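# Residue-level structural notes
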Amino acid sequence: MKIAALVSGGVDSSVVVHQLKEQGYDPTIFYIRIGMEDEQGYIDCPAEEDIEITTYIAKKYGCKMEVVSLHEEYWENVVSYTIDAVKRGLTPNPDMMCNKLIKFGCFEQKWGHEFDKIATGHYATTTEINGKTWLSTAKDHVKDQTYFLGQIDYLQVSKLMFPIGNLLKSKVRAIAAQAGLPSAQRKDSQGICFLGKINYNDFIRRYLGERKGKIVELETGKILGKHDGYWYHTIGQRKGLGLSGGPWFVIKKDTKRNIVYVSNGYDPETQYGKVVNLAGFSFITEDIWGDFNGSKDITFKIRHTPEFTRGRIEKIGDLYRIYSDDKVQGIASGQFGVVYDNDSKLCIGSGMIANDED
Ligand SMILES: Nc1ncnc2c1ncn2[C@@H]1O[C@H](COP(=O)(O)OP(=O)(O)OP(=O)(O)O)[C@@H](O)[C@H]1O
């Protein structure tokens, strides 16, 4: 079997190579360059160190290695999506788009199609049921990364391999240490996404500039201060508002009037909700529900957290609506809601949160 292993130089994907070799495979290693090194040098991109370590791993295990670039594709797809979403007052998730469109999308078209399987160091597993492949959660529930994979499609999931998905992170580190891998002690990265590596506000300022507007207390309508543009503020955000007498939380945004609404207190009730509308829902393996009346019991996440929330899902035309059993903090339009089965084992699919904020 021909396997392409996506290796970042981090401990997880380094151990992927180790595991594959132990299992008798001979993967070809791919390091993908995505960064903004040439862009006025304001991003500290650790690519060179990553490539050094990946090269060491390739040599140690006698694997062929290629350094490839998906820089332009990333800009055309992920960065433009991010800027567009932020401009519309939405909360984007570049990591999810990167997985769907870049790591598994463009990569597949350019190089991956020559391989039978693509292996990554994601904490996730796959499950075969009646000849079909399902994305499923990792053994390490705290590290589980299926949320970030919630937008992938059937072709992608059926071609993916997650060699460390059945290991705990502590075990992965132990394997790396035992094998003497230089990545054994490296800190976890914040994803391939360049947005994790740069100052988010600088990035937004560069593309969207400033537009002063009011910060208003949601409950009283009192004007508390000014902001530089609603796009600098995210639903659920607590820091960076510059208001005294806090804590203050961003509760909603009026993008037409450029107003940011906030509530006061350590745990204001207004930051919670129980209804999550999902638009453009896509099933990863298959539509297991078809058209249905009433509701289905599910578990779900609206962000990358270790906990799953229980709820019921209903279908209203093209929209899927989740009624959560527990109140959920910071439901922000644009984020993805990822839906799992009742046992939080199989990942069913995801949609973009479309809760009315006005
Ligand atoms: N620059 C890259 N080139 C090739 N593959 C990558 C790159 N960045 C990430 N990946 C792949 O995507 C997986 C998940 O990436 P993420 O950034 O979440 O890293 P992580 O969980 O910290 O893993 P690692 O320790 O391997 O960096 C990695 O394990 C690796 O397989």
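By convention here, each chain's residues receive numbers from 1 onward along its written sequence. Where local features are concerned, this predicted model is filtered to residues with pLDDT of at least 70; where side-chain atom pairs are given and counted, the filter is 80 or more; whole-chain, interface and lining totals use all residues. Heavy atoms throughout the structure, all of them, feed into the side-chain values; hydrogens and water do not.

## So, the site of the ligand
Leu6, Ser8, Asp12, Ser13 and Ile32 are the nearest of the 18 residues found near the ligand. Polar contacts, as counted here, are pairs of nitrogen or oxygen atoms within 3.5 Å of one another; within protein the pair requires one atom able to donate a hydrogen and one able to accept it, and residues that are adjacent in sequence qualify only if both atoms are side-chain atoms. In the environment of the ligand, an oxygen atom lies 2.6 Å from a nitrogen or oxygen atom belonging to the side chain of serine 8. Exposure was quantified through the Shrake-Rupley algorithm and a 1.4 Å probe, taking into account, for residues, occlusion by the shown protein chains and nothing else. Relative to its unbound accessible surface of 580 Å², the ligand loses 93% to contact with the protein. Strands are runs of DSSP state E lasting at least two residues, helices are runs of H or I lasting at least four, and both sets are numbered from the N terminus onward. Counting only elements with at least two residues in the shell around the ligand, the list comes to α1 (11–22) and β2 (28–33). As a working rule, the residues Ala, Val, Leu, Ile, Met, Phe, Trp, Tyr, Cys and Pro are called nonpolar, Asp, Glu, Lys and Arg charged, and the rest polar, with Gly in that last group. Looking at the shell around the ligand residue by residue, the classes come out as seven nonpolar, nine polar and two charged. In these notes, residues near a molecule or strand are those with any non-hydrogen atom within 4 Å of it.

## Digging into the domain arrangement of the protein chain
Segment limits for the domains were obtained from an automatic or database-derived domain assignment. You can read the domains of the protein chain as domain 1 (3–121 + 163–179) and domain 2 (210–266). Each of domain 1 and domain 2 has a C-alpha centre, and the two are 37 Å apart. Whether two residues touch is decided by their heavy atoms; if any such pair falls within 4.5 Å, the residues are in contact. Domain 1 puts five residues into the contact, and the matching count from domain 2 is five residues. Defined in terms of a 1.4 Å probe, buried area is the accessible area two parts forfeit on being brought together, summed over both. For domain 1, the biggest contributors to the area lost against domain 2 are Val86, Gly89 and Thr91; these three give 72% of the whole. Just to be clear on terms, a salt bridge is a Lys or Arg side-chain nitrogen sitting within 4 Å of an Asp or Glu carboxyl oxygen. Between domain 1 and domain 2 we count zero salt bridges in total. Inspection of the domain 1/domain 2 interface yields two residue pairs in polar contact (both at pLDDT 80 or more). Of the residues assigned to the side of domain 1 that touches domain 2, the class counts are one nonpolar, two polar and two charged.

## With respect to the sheet that holds strand β15 (residues 319–329)
Read around the barrel, six strands follow the order β12-β15-β14-β13-β16-β17 and close on themselves; strand pairing throughout is antiparallel. Strand-to-strand twist across the sheet, computed as the mean angle between neighbouring axes with direction ignored, equals 45 degrees. Pairing between two strands is assigned when DSSP locates at least 2 bridges connecting them. Taken together, the five bridges between strand β13 (residues 296–301) and strand β14 (residues 309–316) define a ladder with antiparallel strand orientation. Note that in β14 the partner of aspartate 297 across the bridge is arginine 312. For helices, the axis comes from a line fit to the C-alpha atoms of the stretch in contact; other axes are also lines fit to C-alpha atoms, and the angle between any two N-to-C directions lies between 0 and 180 degrees.

## What to know about the pairing of strand β17 (residues 347–353)
Exposed residues in this analysis have more than 50% of their type's maximum accessible area, buried residues have under 20%, and partly exposed residues fall in between, with area computed by a 1.4 Å probe over protein chains only. A large share of β17 lies buried, amounting to six of its seven residues. Note: strand β16 (residues 336–340) against β17, five bridges, orientation antiparallel. Each residue of the ladder has a partner; that of glycine 337, found in β17, is glycine 351. Taken together, β16 and the strand that follows it, β17, pair antiparallel across an intervening segment of six residues, in which serine 344 is found at a positive phi of about 55 degrees.

## Regarding the sheet that holds strand β3 (residues 65–69)
Strand order in this open sheet of five strands is β3-β2-β1-β4-β7, and the pairing throughout is parallel. Pairing within the sheet leaves two strands with one partner each, and these edge strands are β3 and β7 (160–161). In the sheet, strand β4 (residues 117–119) pairs with β7 via two bridges, with the strands oriented parallel. Its bridge partner being in β7, isoleucine 118 is matched across the sheet by leucine 160. Across the sheet, helix α2 (residues 47–61) touches β2 and β3, and the angle it forms with β2 is around 175 degrees. Here helix α4 (residues 94–110) sits on the sheet and contacts β1 (3–6), β2, β4 and β7; the angle it forms with β1, its principal contact strand, is near 140 degrees.

## Points about the nonpolar core
Most often, soluble globular proteins have nonpolar side chains that are buried together. Here the nonpolar core consists of buried residues drawn from Ala, Val, Leu, Ile, Met, Phe, Trp, Tyr and Cys, with membership extended through side-chain atoms lying within 4.5 Å. Of all hydrophobic cores here, the largest spans 49 residues; its most connected members are Phe30, Leu70, Ile102, Phe107 and Leu135. Ranked by residue count, the leading element in this core is α4, at seven residues. Two domains each donate at least three residues to this core, and these are domain 1 (3–121 + 163–179) and domain 2 (210–266). With residues near it in sequence (within four places) discarded, phenylalanine 30 still touches Ala4, Ala5, Leu6, Val7, Glu66, Val68, Phe107, Trp111 and Phe115. Core analysis: the second largest hydrophobic core is formed by 26 residues, Val17, Ile57, Ala58 and Ala179 among them.

## Examining the UniProt feature "site: Interaction with tRNA" (unreviewed entry) in the protein chain
UniProt positions are given in the numbering used here, feature names are shortened, and annotations may be inferred rather than shown by experiment. Residues given the UniProt feature "site: Interaction with tRNA" (unreviewed entry) here are His122 and Gln335. In this fold, histidine 122 is placed in the loop between β4 and β5 (125–129). Since its relative accessible area comes to 7%, histidine 122 is described here as buried. Other than its neighbours up to four places away in sequence, histidine 122 contacts Asn99, Lys103, Phe104, Gln145, Leu149, Phe162, Ile164 and Gly165. Side-chain polar atoms of histidine 122 contact the side chain of threonine 120, separated by 2.8 Å. Its location among the elements puts glutamine 335 in the loop between β15 and β16. Those residues in contact with glutamine 335 that lie beyond four places of it in its chain are Thr91, Ile302, Arg303, Gly330, Gly351, Met352 and Ile353. At 3.1 Å, the side chain of glutamine 335 and the backbone nitrogen of alanine 332 are in polar contact.

## Quick notes on the pattern of salt bridges
A complete count under the given rule lists 16 salt bridges for this structure. For the salt bridge of aspartate 228 with arginine 205, the shortest nitrogen-to-oxygen distance reads 3.8 Å. Linking aspartate 228 in the loop between β9 (223–227) and β10 (248–254) with arginine 205 in helix α8 (residues 200–208), this pair joins segments that are 23 residues apart in sequence. Its relative accessible area of 24% is what places aspartate 228 among the partly exposed residues. Given the relative accessible area of 34%, arginine 205 is considered partly exposed. Linked by salt bridges that have partners in common, Arg205, Glu210, Lys212 and Asp228 make up one network.

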